[in-house]
Amino acid sequence: MSEEKIKRKPWKKNLYENEEYPDNYTDISFLEELKKNLYIRNVTFKEACFGAGLVSQEICIVVIFACSFIYLYNEWLDPIDLIIYISMASFGAYCLLFYDNYNFLQTCRTLCCYIICSYLLSPVLKTLTETISTDTIYLTTVFMMIIHLIFFDYGVAALIVSSSLSLNAAIFGAVCLTSRLPTSISVTAFIFITVHCFALAPLFFTKIGFSFFMLILIIIATSTLLYSLSCIMTVFFLISIFFINVICPYLFIKWYSYKDNIYGPWDEAVINIPSNSI
Amino acid sequence: MIHRICMASDFFYPNVGGVEEHIFNLSQCLLKRKHRVIILTHCYTNRIGIRYITNGLKVYYLPIKTFYSQCILPSVISSLPLIRYILVRERITIVHGHSAFSTLAHETMMIARLMGLKTIFTDHSLFGFADTSAVITNKCLQLSLSDCNHCICVSHIGKENTVLRAHVNHDRVSVIPNAIDSTIFTPKYDNVFKGEIVIVVVSRLVYRKGIDLLIEIIIELCNKYEFVKFEIGGDGPKRFSLEEAIKKHKLQNRVKLLGRLPHLHVVNVLKRGNIFLNTSLTEAYCMAIVEAASCGLKIVSTRVGGIPEVLPPHLMYLSEPNITDLINRLENAINDFMNGVVISPKECHLIVKNLYTWQNVTARTEKIYNKYLFFNNRKSFAHILNSVLLCITSFFCVVVFDGIVLIFRNTLSPSGNILIAINEGKILICTE
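Please read these numbers as outputs of a predicted model, since none were measured by experiment.

Cut-off values and rules
- Residues numbered from 1 in each chain as written.
- Chains lettered and ligands numbered in written order.
- Predicted model: local features only at pLDDT ≥ 70, side-chain atom pairs only at ≥ 80, totals over all residues.
- Heavy atoms only, no water.
- Contact = heavy atoms within 4.5 Å.
- Buried area = accessible area lost by both parts, 1.4 Å probe.
- Salt bridge = Lys/Arg side-chain N within 4 Å of Asp/Glu carboxyl O.
- Polar contact = N/O pair within 3.5 Å; in protein donor to acceptor, adjacent residues only side chain to side chain.
- Nonpolar A, V, L, I, M, F, W, Y, C, P; charged D, E, K, R; others polar.
- Pairing = 2+ DSSP bridges.
- Helix = DSSP H or I, 4+ residues; strand = E, 2+ residues; numbered from the N terminus.
- Axes fitted to C-alpha atoms, helices over the stretch in contact; angles between N-to-C directions.
- Buried < 20%, exposed > 50% of the residue type's maximum accessible area, 1.4 Å probe, protein only.
- Right-handed = clockwise from strand over helix to strand, strands pointing away.
- Domains from an automatic or database assignment.
- Parallel < 35°, antiparallel > 145°, perpendicular 65-115°, else oblique.
- Left-handed = near helix turned anticlockwise from the far one by under 90°.

(A) Just the interface of chain A and chain B, in detail. Opposite the 27 residues of chain A that make contact, chain B presents 48 residues. Note on chain A versus chain B: buried area summed over both sides is about 3200 Å², and carbon and sulfur give 62% of it. Between the two partners, chain A and chain B, sit 3 salt bridges. Between Glu160(B) and Lys13(A) there is a salt bridge, with the nearest N and O atoms lying 3.2 Å from each other. Summed over the shared surface of chain A and chain B, the number is 15 residue pairs in polar contact (both at pLDDT 80 or more). In terms of residue class, the side of chain A that touches chain B is made up of 15 nonpolar, 7 polar and 5 charged.

Given below as structure tokens:
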């Protein structure tokens, strides 16, 4: 047998020679061109936490939004006070961070326009979904907030990301809730908070950049606010934040070693054409 | 030794393509060797029932609806009675499935295995591992092939791919290439420069065939060389963008779109050309370039998949799948052609004719059939364990359910009651 092997011509990877070899012969060169994990990117634990932090930051904002609704709903807060405090805070943030970016007068004009509009429209908003049952309203809002969290732009170029859908879902959820509020002015205050949470906060957070210090600060603030409403919910909140920020990145890093992408000559060639012809 | 073979695939005449060609020619050669062959495929609009085609080849067009790109919906049980009936009626001993995309092939093979018949599978395509659809398809293939007697691939790359995708032992995979009918693809009279160069492309106009590359190449070459003309045979979704590019660059008299060509007319188009261009992005075995080589054309092709294995290097110009390299290779081919550095078409034809014949393919396939005819299907414990582990997923339930339905069918209409098909034996003249 071995003598026979020596006599044979060396096997070649083509389809027209190798007559001396059986059809199911497997050469040593079999799968030589196989490559694994070519485009792998090593993610450190810190980077993974960083990514998870953005998610928990957005969850905190949603929780703050929900808490503010409960405060306004139960009339534990004076809506006018709330508007004044928030305006002061956002004016401060504007002066510190955005003053160079936007024209002051124009911003003032837009702001006045917006405040007057939301004040005038608040009775309409209040009665808009009044006929719908409360359970439906809460359920819709929960769904909308989940959609908001799923499609929010966390800075990853994924197909699923859609900032407009995310923002619109949040606004829709807020509009649903407004009909449960007691007075028109509280509706105005609530719309004010919604805009701050979902339209202005992302701008603010991208401007100041992400830091763990900031994240911890927000988590503490949110849990304090939540604690004033319910102890159990605070515990749930903290557990889920811990799960997202510590356990998920840990599992991600741990399971990353199981990644086993196979590449080889059978892969479809990728073409990149500057499409000037069509 | 006479076998009763059932070829099962979703892809057959009136469809055209490499798989269809392969099934038809293999069946014809097997018929000539006195085997009994039937073909199982799904119906096409008004083509339902049993048809006899060339040399009395019996084709069952099963009345099953297609659901996605010419494949039947793998409903597992609803087509089982019909397929079982045919397999019993024709006293089939070997079921030979074709193409990994064909759900009918997998379904028939599964039923055949449950009935204790031998199954052979031919894989005609390559598949990546990167995206979700690939993961799902590969898993299905793995489940289907875990219990298949033998696999055949059309190139060595194909074998590597199949072994990786379906986790089949490499001993159970043979490489048997496709072939061409060299009596149809006869050489052109001569291949010399006569004032113009005709570049021929024959392929389906789809993304996978690199039509986007082709469009760019046409524009650039037509601008550069006054005497270059293109003839493009085939149809598909990319035809629209091709037409648009031609219109935009006013190349109507330089580029001829021939539309879908009957296989017999391909040779006429090839004979009009001087250079054959193939821009495929992936290819297990490129029949088109072998056909072109058989007609004596110069060949320029992308170096993808199994293409480098198909022809000796001096017959083709291989290029990387990008525009610059393809144009360089085409220019090399054009310069060589103008300078008369051409292998004469007759010589070219003789080389190809000796490399690939359907007789050779059939003889090699027959060897596999013979090997498994008396093969005891009882397997080693390790193999059973492996199969069971593979099948622990939902597929296990499917097979078990299928088996129950089969037992049910066996009691309801016992095999003894099924009228055995008469062997026509004599050659029937095709009326279509």
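Next comes the rest of the description.
(B) The sheet that holds strand E16 (residues 316-319) of chain B, seen in detail. Residue and element names in this part refer to chain B. The strand order across the open sheet formed by 6 strands is E13-E12-E11-E14-E15-E16, and the pairing between neighbours is parallel. Looking at strand neighbours, the two that pair on one side only are strand E13 (255-259) and E16, the edges of this open sheet. Strand-to-strand, the axes of this sheet are offset by a mean angle of 20 degrees, without reference to chain direction. Docked against the sheet, helix H6 (residues 211-224) engages strand E11 (197-202), strand E12 (228-233), E13 and strand E14 (275-278), running at close to 155 degrees with respect to E12.

(C) Region of the structure containing the pairing of strand E7 (residues 94-98) of chain B. All names here are of chain B. A large share of E7 lies buried, amounting to 5 of its 5 residues. Here E7 shows no split at all, with Ile 94, His 96 and His 98 on one side and Val 95 and Gly 97 on the other all buried. Summarising the sheet, strand E1 (residues 4-8) and E7 pair through 4 bridges and their orientation is parallel. Each residue of the ladder has a partner; that of Ala 8, found in E7, is Gly 97. Where E7 lies against strand E8 (residues 118-123), 5 bridges are found, and the strand directions are parallel. Counted as the bridge partner of His 96 is Ile 120 from E8. At this point the chain moves from E7, through helix H3 (residues 103-114), to the parallel E8, and the crossover so formed is right-handed.

(D) Highlighting the domain arrangement of chain B. Residues and elements named next belong to chain B. What the domain assignment reports for chain B is domain 1 (4-179 + 358-417) and domain 2 (197-355). Put simply, the middle of domain 1 and the middle of domain 2, counted by C-alpha atoms, are 33 Å apart. Of the roughly 1100 Å² buried at the junction of domain 1 and domain 2 (both faces included), carbon and sulfur atoms supply 61%. Across the contact surface, domain 1 and domain 2 share 0 salt bridges. Scanning the region where domain 1 abuts domain 2 turns up 5 residue pairs in polar contact (both at pLDDT 80 or more). The set of elements that each furnish at least two residues to the side of domain 1 that touches domain 2 consists of helix H1 (18-32) and helix H5 (156-166). Of the residues belonging to the side of domain 1 that touches domain 2, the class tally is 8 nonpolar, 6 polar and 1 charged.

(E) View of the packing of helix H2 (residues 80-89) of chain B against H3(B). Residues and elements named next belong to chain B. Where H2 contacts H3, the axes come no closer than 10 Å and their chain directions differ by 65 degrees. What the angle tells us is that H2 and H3 run roughly perpendicular. In this structure, H2 crosses over H3, and the sense of that crossing is right-handed. For the pair H2 and H3, the contacting residues are Leu 80, Ile 83 and Leu 87 in the first and Leu 104, Thr 108, Ile 111 and Ala 112 in the second. Tallied by class, residues from the contact of H2 with H3 come to 6 nonpolar, 1 polar and no charged.

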